Amino acid sequence: MKDIYTLGIESSCDETSASVVKNGREVLSNIIHSQIAIHEQFGGVVPEIASRNHIEAISTVVAEAIRKSGITMEEIDNIACTYGPGLVGALLVGVSYAKALSYALDKPLIATNHIHGHIAANYISHPELEPPFVCLVISGGHTHLVHVKNYTEFEILGKTRDDAVGEAFDKVARVIGLGYPGGPKIDKLAKDGMPTIELPKTQLENWDFSFSGIKTAVINLHHKNSEINKADLCSSFEKTITEELIENTLQVAQILNITKIALAGGVSANSYIRSEFLKLESRGYKIYYPEPVLCTDNAAMIASAGYYKYLEGKYADLSLNAVPNLKINEINS
Ligand code: KG4
Ligand code: ZN
């Protein structure tokens, strides 16, 4: 079979990224231009600033991805871009650029769901992984427990009712003075602490999650006692959140009778969460997670998800628009 080269473009939040992926699994290049340093001073992503920076960066990032891949623009078979969910102004930059390239080069345009991309990052890090499996998508904007039925069919079995996990990490980190983005900073500091502080855990009647309670509890503890040991607080926060994540994931895996469990999204880079999930391997589960650079936003994962949509002939046309609230099962072919 002929090799298929996908150019992926990602611009849903604060990373401008372009990547060339061969046959959906082999990364030839993955250029990530992060705006973290720009948004850090504001304590979070400022949408208008993000859009402007995407516009400034996108041409260079795409050109660099092509150059590093060792293949030419003409050899690209299709162009996959994130069209949602995300910040509308940010998404529009990648979507418009991909549409222009698709038109100019006369190559198929593949509209890719950002969440499908996070899940597909596992295909790159684990070439042997095939659906079906259970995937826990934990990022700055999403917390979804997903039944990945096949490469393009997904069912959400649980989701957060309030904050996404990453959002809770980022808010807690900001309040206790660790800065933005909070996830990696809490990850680091928690290693110096002990999980000795009791925090509330939410147990809902189904497999949904809720993190606003624990977030508020941590913030209140810090406000009441500014001398409280921050490392212990971070360690306790991570432990309680991880227990909630594992309980729901295990229940879903058991109901579906599936032993393959994958993690995805920025928060799946968390070392404590990874190590706790890995312990499930002694109970007969196989745990997958992407390498750290593929956990947070990047275009290689978008190219991988786009490749599988391309194989099914699901092409978009030039009427494609950004869909900021795109749901996991929304179809745009
Ligand atoms: O997937 P992502 O790059 O963007 C979204 O699609 O939302 O995820 C970003 C989130 C941020 O909330 C960040 O704090 C969190 O992932 N994150 C982490 C770690 N690295 C990134 N959270 C916990 N531990 C980490 N090591
Ligand atoms: Zn993301």
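Please read all numbers here as calculations on a predicted model, not as lab measurements.

Reading guide: rules and limits
- Residues numbered from 1 in each chain as written.
- Chains lettered and ligands numbered in written order.
- Predicted model: local features only at pLDDT ≥ 70, side-chain atom pairs only at ≥ 80, totals over all residues.
- Heavy atoms only, no water.
- 1 Å grid on protein atoms, 1.4 Å probe; cavity = no way out; pocket = protein on both sides within 12 Å on 5 of 7 lines; lining within 4 Å.
- Points joined across faces, edges and corners; volume = space filled by probe spheres on them.
- Helix = DSSP H or I, 4+ residues; strand = E, 2+ residues; numbered from the N terminus.
- Nonpolar A, V, L, I, M, F, W, Y, C, P; charged D, E, K, R; others polar.
- Near = heavy atom within 4 Å.
- Polar contact = N/O pair within 3.5 Å; in protein donor to acceptor, adjacent residues only side chain to side chain.
- Sits in = over half its atoms within 2 Å of the grid points.
- Domains from an automatic or database assignment.
- Contact = heavy atoms within 4.5 Å.
- Expected span 1.5 Å × (residues − 1).
- Buried < 20%, exposed > 50% of the residue type's maximum accessible area, 1.4 Å probe, protein only.
- Donors = N, O, S within 2.8 Å, 3.2 Å for Na, K, Ca; no water.
- Pairing = 2+ DSSP bridges.
- Axes fitted to C-alpha atoms, helices over the stretch in contact; angles between N-to-C directions.
- Arc of directions from axis to C-beta.

A.B. asks: An account of the layout of surface pockets is requested, with residue identities and associated values reported.
C.D. replies: Taken as a whole, the largest pocket encloses approximately 1,100 Å³ of empty space. C13, G140, G141, D170 and Y180 are, among the 38 residues lining the largest pocket, the residues nearest its centre. Among the elements of the structure, α4 (114–125), α5 (165–175) and α6 (182–190) are those that each provide at least two residues to the lining of the largest pocket. Of the residues belonging to the lining of the largest pocket, the class tally is 14 nonpolar, 16 polar and eight charged.

A.B. asks: So what's going on with the site of ligand 1? Residues and values would help.
C.D. replies: Around ligand 1, the structure places 20 residues, and the nearest of them are H118, G140, D170, D187 and G266. Between ligand 1 and H118 there is a distance of 3.1 Å, counted from an oxygen atom to a side-chain nitrogen or oxygen. Interatomic distance of 3.0 Å between a backbone N/O atom of G183 and an oxygen atom of ligand 1. Among the detected pockets, ligand 1 sits in the largest pocket. Sorting the residues of the shell around ligand 1 by element identifies α4, α5 and α6 as the ones contributing at least two each. In terms of residue class, the shell around ligand 1 is built from six nonpolar, eleven polar and three charged. Counting the residues that make up the shell around ligand 1, at least three belong to each of domain 1 (5–120 + 295–311) and domain 2 (131–290).

A.B. asks: Would you mind going over the side chain of S210 in detail, with residue names and values included?
C.D. replies: With respect to the helices and strands, S210 occurs in the loop between α6 and α7 (212–224). Sequence-distant contacts of S210, defined by excluding residues within four places in its chain, comprise T160, D162, T202, L204 and E244.

A.B. asks: Can you break down α7 residue by residue, with the values?
C.D. replies: Taking 1.5 Å per residue as the helical rise, α7 with its 13 residues ought to reach 18 Å, and the 18 Å between its terminal C-alpha atoms agrees with that figure. Along α7, the positions that sit buried rather than exposed are I214, K215, A217, V218, I219 and H222. On its buried face, α7 sits against α5 and α8 (230–256).

A.B. asks: So what about the coordination of the zinc ion (ligand 2)? Which residues, and what values?
C.D. replies: In this structure, H114 (NE2), H118 (NE2) and D297 (OD) serve as the protein donors to the zinc ion (ligand 2), at separations of 2.0 to 2.1 Å. Every donor residue of the zinc ion (ligand 2) comes from the same chain, spaced as H-x3-H-x178-D. You can see H114 and its partner H118 sitting in helix α4, four residues apart, about one turn around the helix. The exposure classification of H114 matches that of H118, with both residues buried.

A.B. asks: Just give me the short version of the sheet that holds strand β8 (residues 153–159), but keep the residues and values in it.
C.D. replies: A sheet is described by the order of its strands in space; here five strands give the open sequence β8-β7-β6-β9-β10, paired in mixed fashion. Unpaired on one side and paired on the other, β8 and β10 (286–288) mark the two borders of the sheet. In this sheet, adjacent strand axes meet at a mean angle of 25° when their direction is disregarded. Pairing of strand β6 (residues 133–138) with strand β9 (residues 260–264), which is carried by four bridges, proceeds in the parallel orientation. If you follow V137 over to β9, its bridge partner there is A264. Across the face of the sheet, α4 comes into contact with β6, β7 (143–150), β8, β9 and β10 while running at roughly 120° to β6. Along the sheet face, helix α9 (residues 271–278) touches β6, β9 and β10 and points at about 180° away from the line of β9.

A.B. asks: Tell me about unusual backbone geometry, and name the residues and values.
C.D. replies: Here the amide bond leading from G84 into P85 is cis, since omega sits at -10°, within 30 degrees of zero. Summarising the element assignment, P85 is placed in the loop between β4 (78–84) and α3 (88–105). The residue after Y180, namely P181, is reached through a cis peptide bond having omega -10°. Along the chain, P181 falls in the loop between α5 and α6. Phi is positive for N23, close to 50°, though the residue is something other than glycine. Relative to the elements of secondary structure, N23 occurs in the loop between β2 (15–22) and β3 (26–34). What makes N23 partly exposed here is its relative accessible area of 25%.

A.B. asks: Pulling in residues and values, what's your account of α5?
C.D. replies: Turning to α5, its buried residues number three or more, namely V165, G166, A168, F169, V172 and A173. For α5, the angular spread of buried residues about the axis comes to 160°, placing them on one side. Once α5 finishes, G177 follows within two positions and takes phi at roughly 85°, a positive value.

A.B. asks: Lay out the side chain of T152 in plain terms, naming residues and giving numbers.
C.D. replies: Relative to the elements of secondary structure, T152 occurs in the loop between β7 and β8. Overall, T152 belongs to the buried group, its relative accessible area being 18%. Among the polar contacts listed, one links the side chain of T152 to the side chain of E312, at a separation of 2.9 Å. The residues contacting T152, other than those within four sequence positions of it, are Y308, K309, E312 and K314.

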